[in-house]
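Residue-level structure breakdown
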Amino acid sequence: MSITLRITDAGRAALINAAHDGTNAVQIASVGVSPTAIVASAGTAALPGEIKRVSTVSGAGVAADVIHIVVRDETTDTYTVRSIALYLADGTLFAAYGQAAPIIEKSAGALMLLAIDATLLDVAASQITFGSANFLNPPATTETPGVVELATDAEAAGLADAMRVLTPKAMATIFTAANVLARLLSADGAGSGLDADMVDGRHAAEFALLTGATFTGPLAAASLESGAYLRAFGSTPPVGGRGLELLYTNTTGIVQAYNRGTNTLGDLLFYGSAIALTAPVAINGALNVAGAITRSGNRVWDQANDGAGSGLDADLLDGREAGEFALLSGATYTGKVRAPIVESANYIRAQGTGIPQDGAGIELLYGNTTGYLQAFDRTAGVFRELVIYGANIKLEPQGGTVGVAGGMNVAGALTRGNNKVLDVGNDGAGSGFDADLLDGREATDFALVAGGSFTGVTGHAGARIQGAASFAAGVGLELLYSGGNGILQPYDRSKGVFKDLVLYGMNISINPQGGAVGVGGAMNIGGALTRSGNAVMDVGNDGAGSGFDADLLDGHEGSEYDRVTAYSSAFNGYRVLADGTKECWGVVDVPSGGLVEVALPVAHTAWCVPIGSGAGAIGVRSVTGAPPTSFTVRNSSAEALTFRWHSRGV
């Protein structure tokens, strides 16, 4: 059985050597037994109801604070044991234990063999010895041979019991294939040191290593996605999603240098002393060759090596002889002249000496089913003014109408059937123009400047109340009504993001009608924030000098607190309150029968009352000084004691 022994004061005194600077080893000589149940304490000096002492005692320390005791009684005595006491050779009661239920009952014809594992409080097991160990049978530990208990299958599978031992059957319960695999899965991965013989039934020699490999069969990949790449050599991987991709799409194999980070194609470079393309090559885009190109040993011309001095003399141009082309020195066209585009500084000019600026020209185009006459600057990528002069300019649509897709500026008067046409330059006051409808609506359908009452929801993608600056493309101040709430929001619909909403004014008032103002996110106020003219406190303007006077602190009035004006958190420390009260504390070791003077860690001006905690034989003897500066602690016991003290005074 396992119990906890209570070491008595006499037993503890026996452990202290004569110089009081170390310990003695003690030897248990006998064990007293009693049928009376006791509650052992440090002051137990005798075993109540003791019926006999058994001197056939064996024991040994089996742990730092555990001793194993075996008591043997071969007599014909009959008794019940509820309490036991361990005695030293000089009769000192060293330790005791008791309980209400019987520990053991001995009959006349029986041999009593009582085995006890006792835990010691504040005493090392190595300080206790026994006279005989010839029949000791202690529990086994990692240091002591002894008796062990066999583990059940459940205890073995739990892998938590440190006292029981495994049998071969229990080992088989633990080391099943599933359990071993589960253990390996919990410890595998990078850095585990696990070296498998096979992966999915294959040896390492069947796989390609990252350091390099020679494939014996075709290598195929549906696609190398998002940052994946194949690299023949070099230590630097492609940057930001770029890679060399080997693809097979439909019936075409593709090698491409693609940057999936930016979704753009990069340069694809081939290096070698000679690069041979053995099949017909089709190039959909441009081909850049750094060196010379030859065909059957003959030089091939390009725009960098043709021209004057190149020796290139073509017989035909697009299958035509030179006589079929117009020379720059002049030509007479025999048919119609068509040009889909007039590029760069070229132009068509009917009369005049000035030439259009670089890139500007009048273009005669025919696209789909429409003919265009346009003034376009292809260098700047913008349209220029198209000016048509004449005594009269007639636009005569053949079976259709004249349509103006953009604006039309008429320098003179514009009439329809000799009737004056109104515009923003000649309408308004005095123009005599009185419209009946505006966009099909009567005047009563609109709000007047003098005021009006809207009968429905008013909304607009962008609205500006006042100011000359226009909103950027897609950016607008939106007045919305959504889900039962009215919303004022600055929103950039071209980018799908919210912009800052800034309200300017001498004073800005937000007046909820019957509700409150709620802020769903953070609110940053550049200036002071007040409520009814009073400053609102925050972590930026509170503290010393802020004038902030809280009514409560954690629900308590200020009068309920003692304000600390000085403090020391040392082992022997103090605290000074605003009313002058001083609290001190500390710990002092007092030798047996000795006096120790304790200095107060902070000066007192009137009085001091020290109190403390320790054994009954130690306490405060006197307070020294007026005002007090120290107090004396006295220890009247036969052993050194520790005294924890606390004082209060002024």
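Residues numbered from 1 in each chain as written. Predicted model: local features only at pLDDT ≥ 70, side-chain atom pairs only at ≥ 80, totals over all residues. Heavy atoms only, no water.

Our next topic: the overall build of the protein. Looking only at helices and strands, one finds 4 helices and 36 strands in the protein. For the protein, buried positions account for 20% of its 650 residues. Looking at the protein alone, contacts between residues at least 24 apart form 48% of all its contacts between residues at least 6 apart. Counting every atom, the protein has about 47800 Å² of accessible surface; 54% of that belongs to carbon and sulfur. (Helix = DSSP H or I, 4+ residues; strand = E, 2+ residues; numbered from the N terminus. Buried < 20%, exposed > 50% of the residue type's maximum accessible area, 1.4 Å probe, protein only. Contact = heavy atoms within 4.5 Å. Areas by Shrake-Rupley, 256 points an atom, 1.4 Å probe, with all protein chains shown as cover.)

For the rest of this paragraph, the subject is the state of the cysteines. Summed over the entire model, instances satisfying the criterion amount to 0 disulfides. Cysteine Cys584 is unpaired, with the sulfur of Cys608 as its nearest cysteine sulfur at 6.3 Å. When its relative accessible area of 10% is taken as the criterion, Cys608 is described as buried. (Disulfide = S-S within 2.5 Å.)

Time to look at the nonpolar core. Residues Leu5, Ile69, Ile84, Phe94 and Leu120 are the most contacted members of the largest nonpolar core, which totals 30 residues. Looking at this core, the elements with two or more residues in it are strand E1 (2–7), strand E2 (26–34), strand E5 (66–73), strand E6 (79–81), strand E7 (83–88), strand E8 (93–98) and strand E10 (112–120). Broken down by element, the residue count for this core peaks at 5 residues, all from E10. Contacts of Phe94, omitting those with residues within four sequence positions, involve Arg6, Ile7, Thr8, Gly11, Leu15, Val26, Ile28, Leu86, Leu88 and Ile128. (Core = buried A, V, L, I, M, F, W, Y, C linked by side-chain atoms within 4.5 Å.)

The next point concerns the environment of Ile67. Within the secondary structure layout, Ile67 lies in strand E5. For the pair Ile67 and Ile116, spaced 49 residues apart in sequence, the C-alpha separation works out to 8.2 Å.

Our focus in this paragraph is the sheet that holds strand E36 (residues 641–649). Taken in spatial order, the 5 strands make up an open sheet running E29-E30-E31-E36-E33, and their pairing is antiparallel. Each of the sheet's edge strands pairs with one partner strand only, and the pair in question is strand E29 (564–568) and strand E33 (608–613). Across the sheet, the axes of successive neighbouring strands diverge by a mean angle of 15°, strand direction being ignored. Where strand E30 (residues 574–577) lies against strand E31 (residues 582–590), 3 bridges are found, and the strand directions are antiparallel. Across the sheet, Val576 pairs through a bridge with Lys582, a residue of E31. (Pairing = 2+ DSSP bridges. Axes fitted to C-alpha atoms, helices over the stretch in contact; angles between N-to-C directions.)

On to the packing of aromatic side chains, then. Tallied over the entire structure, the rule returns 2 aromatic pairs. Their ring planes at 45° and their centres at 6.2 Å tell us that Tyr567 and Trp585 sit as a pair that is tilted. Of the two residues, Tyr567 is situated in strand E29 and Trp585 in strand E31; the sequence distance between them amounts to 18 residues. Owing to a relative accessible area of 51%, Tyr567 belongs among the exposed residues under this scheme. Stacked on the ring of Tyr87, the Lys or Arg Arg53 has its end atom at 3.5 Å from the ring centre. (Phe/Tyr/Trp six-rings, centres within 6.5 Å; stacked < 30°, edge-to-face > 60°. Lys NZ or Arg CZ within 6 Å of the ring centre and 35° of its normal.)

All right, on to unusual backbone geometry then. A cis geometry characterises the amide bond from Ala626 onward to Pro627, with omega recorded as 5°. As for its position among the elements, Pro627 is in the loop between strand E34 (618–624) and strand E35 (630–635). Even without a glycine there, the phi angle at Asp439 is positive, about 55°. By the element assignment, Asp439 lies in the loop between strand E23 (419–420) and strand E24 (475–482).

Further remarks concern the pattern of salt bridges. Scanning the entire structure with this criterion turns up 8 salt bridges. Here Lys52 and Asp77 are joined by a salt bridge, their closest N and O atoms 2.7 Å apart. With Lys52 in strand E3 (residues 52–54) and Asp77 in the loop between E5 and E6, this pair connects stretches of sequence that are 25 residues apart. When its relative accessible area of 18% is taken as the criterion, Lys52 is described as buried. Residue class for Asp77 comes out partly exposed when judged on its relative accessible area of 34%. Close ionic contact of Arg72 with Glu74 constitutes a salt bridge, the shortest N to O distance being 3.5 Å. (Salt bridge = Lys/Arg side-chain N within 4 Å of Asp/Glu carboxyl O.)

So, about the side chain of Thr44. Along the chain, Thr44 turns up in the loop between E2 and E3. With relative accessibility at 14%, the residue Thr44 sits in the buried group. Separated by 3.0 Å, the side chain of Thr44 and the backbone nitrogen of Ser41 make a polar contact. Excluding anything up to four places from it in sequence, Thr44 contacts Thr8, Leu93 and Ala96. (Polar contact = N/O pair within 3.5 Å; in protein donor to acceptor, adjacent residues only side chain to side chain.)

This paragraph deals with the confidence of the model for the protein. Taken residue by residue, the protein gives an average pLDDT of 77. The fraction at 70 or more is 80%. Least confident of the elements in the protein is strand E14 (residues 242–249), whose mean pLDDT is 58; most confident is E6, at 95. (pLDDT = per-residue confidence, 0-100.)

A cluster of acidic residues, Asp434, Asp436, Glu442 and Asp445, forms a negative patch at the surface. The topology assignment puts Asp436 in the loop between E23 and E24. Judged by relative accessible area, Asp436 falls into the exposed class, the value being 59%. (Patch = residues over 30% accessible without salt bridge, like charges linked within 9 Å, V, L, I, M, F, W, Y side chains within 5 Å. Lys, Arg positive; Asp, Glu negative; His and termini not counted. Charge placed at Lys NZ, Arg CZ, Asp CG, Glu CD.)

This part covers a nonpolar patch on the surface. On the surface, a cluster of nonpolar side chains totalling about 1000 Å² of accessible area is made up of Val255, Leu268, Phe270, Ile275, Leu277, Val281, Ile283, Leu287, Val289, Ile293 and Val300. Assignment of secondary structure puts Val255 in strand E15 (residues 252–259). On the basis of relative accessibility, which here comes to 45%, the residue Val255 falls in the partly exposed class.

This part takes up the sheet that holds E34. The strands that make up a sheet pair up through hydrogen bonds in the backbone, lying either parallel or antiparallel. Taken in spatial order, the 3 strands make up an open sheet running E32-E35-E34, and their pairing is antiparallel. On the outer flanks of this sheet lie strand E32 (595–599) and E34, each paired with one strand and no other. Strand-to-strand twist across the sheet, computed as the mean angle between neighbouring axes with direction ignored, equals 25°. Relative to E35, E34 is paired through 6 bridges, and the arrangement is antiparallel. When the bridges of E35 are listed, Ser622 appears paired with Thr632.

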